[in-house]
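These are the residues of each chain, in order.
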Amino acid sequence: MRFHTRKWVKPEDLNANGTLFGGKVLSWIDEEAVLYSIIQLENKKVVTKYMSEINFMSTAIEGDIIEIGIDVIKFGVTSISLNCEVRNKMTHESIVTVDNIIMVNLDDKGNPKAHGKTKIEYVKDRLAKKEKEENA
């Protein structure tokens, strides 16, 4: 799993128990999934369609640094399926896992749109390909 984002757990991220609020971490997961999907699908119009069971395994406290990891499960015609793990950066203890998040690529009218992607692409490879095409 590739861990792309780190978050610092601050007082405003805590619940009444003084631990990381589940709704906050779910918001971070959703944001990370959409950012990852936008970059992979090269389209700003991507929405969350589905999140499978969410497994809270441990928690974090104020001052902890957590990291959010995303992996691609598969590319659909109009969608991308991801899984996610949130873990404590220092201990590597899993905080939350989500086995399946489905993100849907949309057209300008908000309808599902085929994206034509079949594998993970990295921006550096796209830039190198573009530079090669321009120099050809």
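Predicted model only: the values in this text are computed from it and were never measured. (Residues numbered from 1 in each chain as written. Predicted model: local features only at pLDDT ≥ 70, side-chain atom pairs only at ≥ 80, totals over all residues. Heavy atoms only, no water.)

Draft legend 1. Focus on unusual backbone geometry. Positive phi values are uncommon outside glycine, yet E42 reaches one of about 55°. Note that E42 resides in the loop between α1 (22-41) and β2 (46-51). Here H92, not a glycine, exhibits a phi torsion of approximately 65°, which is positive. Along the polypeptide, H92 turns up in the loop between β5 (79-88) and β6 (94-105). (Helix = DSSP H or I, 4+ residues; strand = E, 2+ residues; numbered from the N terminus.)

Draft legend 2. Main features of helix α2 (residues 123-135). Taking 1.5 Å of rise per residue, the 13 residues of α2 would be expected to cover 18 Å, and the 18 Å separating its terminal C-alpha atoms lies within 8% of that figure. With 1 of 13 residues buried, α2 lies mostly on the surface of the structure. (Expected span 1.5 Å × (residues − 1). Buried < 20%, exposed > 50% of the residue type's maximum accessible area, 1.4 Å probe, protein only.)

Draft legend 3. Examining the packing of aromatic side chains more closely. Tallying each qualifying case throughout the model produces 0 aromatic pairs. When the ring centre of F3 is taken as reference, the NZ or CZ atom of R87 above it lies at 3.6 Å. (Phe/Tyr/Trp six-rings, centres within 6.5 Å; stacked < 30°, edge-to-face > 60°. Lys NZ or Arg CZ within 6 Å of the ring centre and 35° of its normal.)

Draft legend 4. Up close: the pattern of salt bridges. Tallied over the full model, the rule gives 9 salt bridges. With a shortest N-O distance of 3.7 Å, D13 and K24 are connected by a salt bridge. Taken together, the residues span a long stretch of sequence, with D13 in the loop between β1 (2-8) and α1 and K24 in helix α1 at a distance of 11 residues. Beyond isolated ion pairs, a larger network of salt bridges with shared partners links R6, E67, R87 and K89. (Salt bridge = Lys/Arg side-chain N within 4 Å of Asp/Glu carboxyl O.)

Draft legend 5. Examining α1 more closely. Given a rise of 1.5 Å per residue, 20 residues ought to cover 28 Å, and the 28 Å separating the end C-alpha atoms of α1 matches this to within 8%. Every buried residue belonging to α1 is among G22, V25, W28, I29, E32, A33, V34, Y36, S37, Q40 and L41, and all of these are buried. Just beyond α1, the residue with positive phi is E42, at close to 55°.

Draft legend 6. Here's a closer look at a nonpolar patch on the surface. On the surface, I39, V123 and L127 cluster together into a nonpolar patch covering about 270 Å² of accessible area. Structurally, I39 is set in helix α1. (Patch = residues over 30% accessible without salt bridge, like charges linked within 9 Å, V, L, I, M, F, W, Y side chains within 5 Å. Areas by Shrake-Rupley, 256 points an atom, 1.4 Å probe, with all protein chains shown as cover.)

Coordinates in, geometry out; function isn't part of it.
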